[in-house]
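# Structural features, examined
Take a look at the letters that make up each chain.
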Amino acid sequence: MTPARGDHEARRTEVSEAVWRVLSTRGFEGLTLRAVAAEMGASTGLLTHYFPSKKALVAHALDVLDRRSLARPRRLAPADGGPPPPEGLARLRAALLDVLPLDGPGRAGNRIWVGSWDVALADPELAGAHAARYARARGLLTECVEAARRLGELPAGPPAAEVAAAAQAFVLGLVVQALFAPAEFPARRQTELLDAYLARLAADGGGGAADAGRAADPGGSPA
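So, a few notes on the structure that sits alongside this text. This is a predicted model, so every value here is computed, not measured. (Residues numbered from 1 in each chain as written. Predicted model: local features only at pLDDT ≥ 70, side-chain atom pairs only at ≥ 80, totals over all residues. Heavy atoms only, no water.)

This next bit is on the overall build of the protein. Looking only at helices and strands, the protein features 10 helices and zero strands. When the helices and strands of the protein are listed from N to C terminus, the series reads α-α-α-α-α-α-α-α-α-α. Counting all 223 residues of the protein, 39% fall into the buried class. Here the analysis covers contacts within the protein between residues at least 6 apart in sequence; of these, 63% occur between residues at least 24 apart. If you sum the accessible surface of the protein, you get close to 12,000 Å²; carbon and sulfur atoms cover 58% of it. (Helix = DSSP H or I, 4+ residues; strand = E, 2+ residues; numbered from the N terminus. Buried < 20%, exposed > 50% of the residue type's maximum accessible area, 1.4 Å probe, protein only. Contact = heavy atoms within 4.5 Å. Areas by Shrake-Rupley, 256 points an atom, 1.4 Å probe, with all protein chains shown as cover.)

As structure tokens, this is what we get:
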């Protein structure tokens with residue numbers, strides 16, 4: 001049942017769900033006030049109460065995408081009442097695997113993320129918000145690298161933040177390849193490439209910058 005107009009939070013949740021459905025089927029290119037209103041069976045006038053402009057709608061869509069990404073099941077997530085998940089290299093591996101399009105939901109989510117890049121880059125404010133999201137992810141990866149070094153799983157080397165940045169670059173490059181060439185980069189190969197990257201990282205502690213570049217562009221041409 002459609003919530004009463006006065007129920008602001010319920011209505012905003014309904015709007016967010018409609019935004020997600022439009023993103024899932026049409027991507028950011030098809031995200032318009034008219035499309036979201038049609039998905040809700042409402043008028044565009046109702047939506048302008050929440051989003052006075054297309055930019056406001058896109059900003060909300062990016063926030064919905066971010067929240068859904070954070071809320072999805074994670075590898076090594078602690079079970080209720082269970083022991084805490086492993087730290088160090090195992091957690092770093094799990095965090096990087098979570099980024100990759102290894103299954104249907106992962107591919108769908110990554111397609112939307114990649115589609116959001118062009119939209120965000122077109123506006124400095126949206127670009128800044130996106131940059132903050134990726135910086136937050138690098139912060140979590142940095143903590144994993146620091147823990148792995150404390151545990152003796154990774155050797156000393158460049159600053160942990162640099163290692164984390166290279167690891168993030170590696171998986172984002174792999175995401176793009178897997179989306180464009182899924183037959184060449186099925187889940188098994190993505191996992192094997194990541195494990196090989198982490199093995200080299202554990203051997204030299206150098207941050208894998210060269211590997212990150214090869215993941216983004218295996219042919220060696222400018223990105």
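Picking up where we left off.
We now examine helix α5 (residues 88–99). For α5, built from 12 residues, the straight-helix expectation of 16 Å at 1.5 Å per residue is met to within 8% by its first-to-last C-alpha distance of 17 Å. Taken together, the buried positions of α5 are Gly88, Leu92, Ala94, Leu96, Leu97 and Asp98. In this structure, the buried residues of α5 make contact with α7 (124–150), α8 (160–180) and α9 (187–204). (Expected span 1.5 Å × (residues − 1).)

This part takes up the environment of Ser16. One can find Ser16 in helix α1 (residues 8–26). Distance in space between the C-alpha atoms of Ser16 and His60 is 8.0 Å, their sequence separation being 44 residues.

Take Arg138: it is sitting in helix α7. Taking the C-alpha atoms as reference, Arg138 lies 9.9 Å from Ala169; in sequence the two are 31 residues apart.

This paragraph deals with the nonpolar core. Val19, Leu23, Phe28, Leu31 and Val36 are the most contacted members of the largest nonpolar core, which has 27 residues in total. When residues of this core are traced back to their parent elements, those giving at least two are α1, α2 (33–40), α3 (44–48), α4 (54–71) and α6 (104–121). Grouped together as the second largest cluster of nonpolar side chains are 26 residues, Leu96, Leu97, Leu100 and Ala164 included. (Core = buried A, V, L, I, M, F, W, Y, C linked by side-chain atoms within 4.5 Å.)

A full pass over the atoms with the stated rule returns three aromatic pairs. Ring centres 6.3 Å apart and planes at 55 degrees place the aromatic pair Trp113 and Tyr134 in the tilted group. One end of the pair, Trp113, is in helix α6; the other, Tyr134, is in helix α7, with 21 residues separating them in the sequence. Aromatic pair Phe170 and Tyr197: ring centres 4.3 Å apart, planes at 20 degrees, arrangement stacked. Of this pair, Phe170 sits in helix α8 while Tyr197 sits in helix α9; the two residues are 27 residues apart in sequence, bridging distant segments of the chain. The burial state of Phe170 is the same as that of Tyr197; both residues are buried. (Phe/Tyr/Trp six-rings, centres within 6.5 Å; stacked < 30°, edge-to-face > 60°.)

Once that is clear, we can look at the pattern of salt bridges. For the coordinates displayed, the defined rule picks out five salt bridges. The closest approach of N and O atoms between Arg21 and Glu39, which form a salt bridge, is 2.8 Å. Highlighted residues: Arg21 in helix α1 and Glu39 in helix α2, separated in sequence by 18 residues. Given the relative accessible area of 32%, Glu39 is considered partly exposed. Here Lys55 makes a salt bridge to Asp123, at a shortest N to O gap of 3.4 Å. With Lys55 in helix α4 and Asp123 in the loop between α6 and α7, the pair connects residues that are 68 residues apart, well separated along the chain. With relative accessibility at 36%, the residue Lys55 sits in the partly exposed group. Overlapping salt bridges bring together Lys55, Asp123 and Glu125 as one network. (Salt bridge = Lys/Arg side-chain N within 4 Å of Asp/Glu carboxyl O.)

A few words now on the side chain of Thr142. Residue placement: Thr142 occurs in helix α7. With sequence-adjacent residues up to four places away left out, Thr142 is seen in contact with Ala160, Ala161 and Ala164.

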